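# Understanding the architecture of this molecule
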Amino acid sequence: MNIFLLGASGSIGKQTLDVIREYNHKLIGCSLGRDKDYAKKVIDEFKPEIVCLREKTGFENKYPDIKFVYGDEGLLEVSRYKNGMLVNALMGSVGLKPTVEAIKARKDIALANKETLVMAGDIIKKLVKEYGVRLLPIDSEHSAIWQAIKGEKHEDIKKLIITASGGSFRDKSRDELVNVSVSDALNHPNWKMGSKITIDSATMMNKGLEVIEAHHLFDVPYEQIETILHQESIVHSLVEFKDSSIKAQLGVSDMRMPIIYAINGGNRVEYNNPLVLGDLHFKPMDFKRFPMLEYAYRAGKMGGIAPVVLNASNEAAVTLFLNGKISFLEIEEIVKKELDNFENFTPSLDEIILMDKKIKEKYLGGE
Ligand code: MG
């Protein structure tokens, strides 16, 4: 398989490179972050044809056979380049436009970038249909649902049940959250992930974004999407059918499994990381403890520009928190304030990008 990997320096990106190496796929194009030593390592090992970097680095003379492109426009060039599958492992709203470009270039999309569907689910779904490409989820919850509904009829689905570990503060009360530090928040019990998503897990916004994603990916109304606390992160999600049967997908907390499944188009291939079954615990979701999840449902149900407002204000607030500018609980306050104060409309792609930019500039200035 010819693969284009955006976000090759991130956590999902690195694990995707492991999968590409192990299963002899071909990395045709990728985007790499600021770490020059890491970029050099990836380029030397995988010898891609096209590489997107943040800025010029001097690699251009060193690798005359590689086409180097730069910045946000460079991401689009990689997405358009030749044929193959795009693995979108970019973090944040920057992932949206490359997905659109890749669909228009008739590439199948293996999607780890949540913002693509959260911000523009309706537009993306229309494009996917129009260009006849496949949208394959990499997120573990959506991979689980995808596996559970295989061979089932859509009208037989009663509800999707998305599991949530509870994040790094799951045992803390709201009073105990007042003075938590950035490093406390970054300490996730089950998954080793990037810092943005780890904070989103702690606020439960990550689950909220996943609910919106699931709504778009599987065409299920919000009223039929539930979340449940499951501290072990072994049951990756469940689907209940009209006869009250429930199918779940279980596995160790290893993102390589959903990556392999997506890259192989939903076909099983050998991979050895067996799960040793033990105790599993489930608890009803607590919306009072995790108000961000309620905000996400609200934004999802409103539709239009609302999920963009939700996502942009959250991204801005998480950045402020990670930079030590606001407290943990102020993340929620910023998101709530933005969601309480906007006028809804059905946006175009450009209007989505503009709203995203506007909200982030308001909180982050030129950062
Ligand atoms: Mg997930």
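Relevant structure appears above.
A brief structural summary. (Residues numbered from 1 in each chain as written. Predicted model: local features only at pLDDT ≥ 70, side-chain atom pairs only at ≥ 80, totals over all residues. Heavy atoms only, no water.)

### Section: the overall build of the chain
We apply this condition: Strands here are runs of E lasting at least two residues and helices are runs of H or I lasting at least four, both read from the DSSP assignment and numbered beginning at the N terminus. Categorising residues by exposure relies on relative accessible area from a 1.4 Å probe, with only protein chains included: less than 20% of the type maximum marks a residue as buried, more than 50% marks it as exposed, and the intermediate range marks it as partly exposed. Note on contacts: a residue pair is in contact if any heavy atoms of the two residues lie within 4.5 Å. The Shrake-Rupley method, run with a 1.4 Å probe, gives the accessible areas here. Residue values count only the displayed protein chains as cover. Only four residue types enter the tally: Lys and Arg on the positive side, Asp and Glu on the negative side; His and the chain ends are excluded. Charged groups are reduced to one reference atom each: NZ for lysine, CZ for arginine, CG for aspartic acid, CD for glutamic acid.
Counting secondary structure elements, the chain contains 15 helices and 12 strands. Seen through its principal axes, the chain has C-alpha atoms that stretch 55 × 50 × 40 Å. Within the span of the chain, comprising 367 residues, buried residues form 57% of the whole. Sequence-distant contacts in the chain: of pairs separated by 6 or more residues, those separated by 24 or more amount to 65%. Of the roughly 16500 Å² of accessible surface on the chain, 49% is carried by carbon and sulfur atoms. Distance between charge centroids for the chain: 3 Å, based on 49 positive and 53 negative side chains.

### Examining the pattern of salt bridges
Under the convention used in this document: Take a side-chain nitrogen of Lys or Arg and a carboxyl oxygen of Asp or Glu: if they are within 4 Å of each other, that pair is a salt bridge.
If you walk through the whole model with that rule in mind, you get 29 salt bridges. Of the charged contacts, one joins R34 and E55 as a salt bridge, the two residues approaching to 3.8 Å between their closest N and O atoms. Of this pair, R34 sits in the loop between β2 (26–31) and α2 (36–46) while E55 is found in the loop between β3 (50–53) and α3 (59–62), placing the two residues 21 residues apart along the sequence. In this structure R34 comes out as exposed when scored by relative accessible area, which is 58%. Among the charged side chains, a salt-bridge network with shared partners connects D18, R21, E45, D254 and R256.

### Some words on the coordination of the magnesium ion
Selection rule: Nitrogen, oxygen and sulfur within 2.8 Å of a metal are treated as its donors, or within 3.2 Å for sodium, potassium and calcium (Na, K, Ca); water is not counted, so a site can appear incomplete.
Here the magnesium ion is held by D139 (OD), E141 (OE) and E210 (OE), and the distances to it run 2.1 to 2.3 Å. Look at where the donors of the magnesium ion fall in the sequence and you get D-x1-E-x68-E. Within this pair, whereas E141 is found in helix α7 (residues 140–148), its partner E210 is found in helix α10 (residues 205–218), the two being separated by 69 residues in sequence. Residue class for E141 comes out buried when judged on its relative accessible area of 8%. Exposure remark for E210: the relative accessible area of 1% places this residue in the buried category.

### Here's the deal with helix α13 (residues 306–322)
Selection criterion: Any helix carries an expected span of 1.5 Å times its number of residues minus one.
Taking 1.5 Å per residue, 17 residues should reach 24 Å; α13 reaches 24 Å between its end C-alpha atoms and fits that length. The element α13 is extensively covered by neighbouring structure, given that 15 of its 17 residues are classed as buried. Phi for G324, located one or two positions after α13, is positive at around 75°.

### Some points on the packing of aromatic side chains
Quick note on the threshold: Under the pairing criterion, centres of Phe, Tyr and Trp rings, with the six-membered ring standing for Trp, must be within 6.5 Å; the plane angle then separates stacked pairs below 30 degrees from edge-to-face pairs above 60, leaving the rest tilted. Only Lys NZ and Arg CZ are tested; either one counts as a charge over a ring when it is within 6 Å of the ring centre and within 35 degrees of the ring normal.
This model, assessed by the stated rule, comprises 8 aromatic pairs. Considering the side-chain rings of F59 and Y63, the 5.9 Å spacing of their centres and the 85° angle between planes classify their relative orientation as edge-to-face. Taken as a pair, F59 and Y63 share a single burial class, namely buried. When its relative accessible area of 12% is taken as the criterion, Y63 is described as buried. The structure contains a cluster of three or more aromatic residues connected by ring pairs, namely F59, Y63 and F68. One residue, K14, lies across the ring of Y38, its end atom 4.8 Å from the ring centre. Over the face of the ring belonging to F4 we find K107, whose NZ or CZ atom lies 4.5 Å from the ring centre.

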